[in-house]
Amino acid sequence: GENVEQHPSTLSVQEGDSAVIKCTYSDSASNYFPWYKQELGKGPQLIIDIRSNVGEKKDQRIAVTLNKTAKHFSLHITETQPEDSAVYFCAAGAAGNKLTFGGGTRVLVKP
Amino acid sequence: NAGVTQTPKFQVLKTGQSMTLQCAQDMNHEYMSWYRQDPGMGLRLIHYSVGAGITDQGEVPNGYNVSRSTTEDFPLRLLSAAPSQTSVYFCASSFGGVNTEAFFGQGTRLTVV
């Protein structure tokens, strides 16, 4: 089955700096790569996703890059703000398969 | 529009007790799933359903049962609770399955003593 590794497990950044979270996956059949943000006491919420036919996708301060050859994808958050503090999960999956999540990254943005 | 609703929010069980975690969605989604979240281990899939009357096992199904008699509801049953089942449980639904956005409930924090 699919295995998703996520690094780092914790990330502390100064407000205004950038944050980068990296994930690797094992199943070359995976073609859908979402990122979820989980705030304290809440369920995860989708913030951005990318499919295998695209190498990069951007939405305001958030961007995701995908390298299918190397089987890794990354989340980039620019100009971080205190409200970006949360736990972030990457995941990988394909239609007909199960969605597998990484272990999560706790991001702390210091004012 | 309520989205995905889970009840209860918190529960304490004694070892050996059984209970049902409720999950309901009002978005007419065919695909529903249950995850457990443990520290450092992300979200692990317990069971999922691609439509009413159809369920299948995920990564960690042992000790749990599910059924899907309607599109809206997907209850998770713990047959005989064990301390290893102490976790936060999330229900999710999506319109088109694995490769479409999943909408999560607020979670149920379960403690088994």
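This text follows the structure it describes.
These remarks concern the structure in this document.

1. Here's the deal with the environment of A:Asp17
All names here are of chain A. Mapped onto the elements, Asp 17 comes out in the loop between β2 (10-14) and β3 (19-25). Using a relative accessible area of 40% as the deciding quantity, one classes Asp 17 as partly exposed. On a C-alpha basis, the gap between Asp 17 and Thr 80 in space is 5.7 Å, while along the polypeptide they are 63 residues apart.

2. Examining the pairing of strand β11 (residues 105-110) of chain A
Residue and element names in this part refer to chain A. The side-chain alternation of β11 yields one buried face, formed by Thr 105, Val 107 and Val 109, and one unburied face, formed by Arg 106, Leu 108 and Lys 110. For strand β9 (residues 86-92) and β11, the ladder comprises 3 bridges, and the chain directions are antiparallel. Across the sheet, residue Val 87 finds its bridge partner in β11, namely Arg 106.

3. Overview of unusual backbone geometry
Here the amide bond leading from A:His7 into A:Pro8 is cis, since omega sits at -5°, within 30 degrees of zero. Inspection of the secondary structure puts A:Pro8 in the loop between β1 (4-7) and β2. For the peptide bond that leads from B:Thr7 to B:Pro8, omega is -5°, which places it in the cis range. Mapped onto the elements of the fold, B:Pro8 is located in the loop between β1 (4-7) and β2 (10-13).

4. Considerations on the sheet that holds strand β8 (residues 72-77) of chain A
Strands belonging to one sheet form pairs held by backbone hydrogen bonds; the direction of such a pair is parallel or antiparallel. Residues and elements named next belong to chain A. Taken together, 5 strands build an open sheet; the order of strands is β1-β3-β8-β7-β6 and the sheet is antiparallel. A single partner strand is all that each edge strand has here, and the edge strands are β1 and β6 (56-59). Across the sheet, the mean angle from the axis of one strand to that of its neighbour is 15°, orientation sign disregarded. One ladder, built from 4 bridges, connects β6 with strand β7 (residues 62-67); its direction is antiparallel. Its bridge partner lying in β7, Asp 59 is registered against Ile 62.

Cut-off values and rules
Residues numbered from 1 in each chain as written. Chains lettered and ligands numbered in written order. Predicted model: local features only at pLDDT ≥ 70, side-chain atom pairs only at ≥ 80, totals over all residues. Heavy atoms only, no water. Helix = DSSP H or I, 4+ residues; strand = E, 2+ residues; numbered from the N terminus. Buried < 20%, exposed > 50% of the residue type's maximum accessible area, 1.4 Å probe, protein only. Pairing = 2+ DSSP bridges. Axes fitted to C-alpha atoms, helices over the stretch in contact; angles between N-to-C directions.

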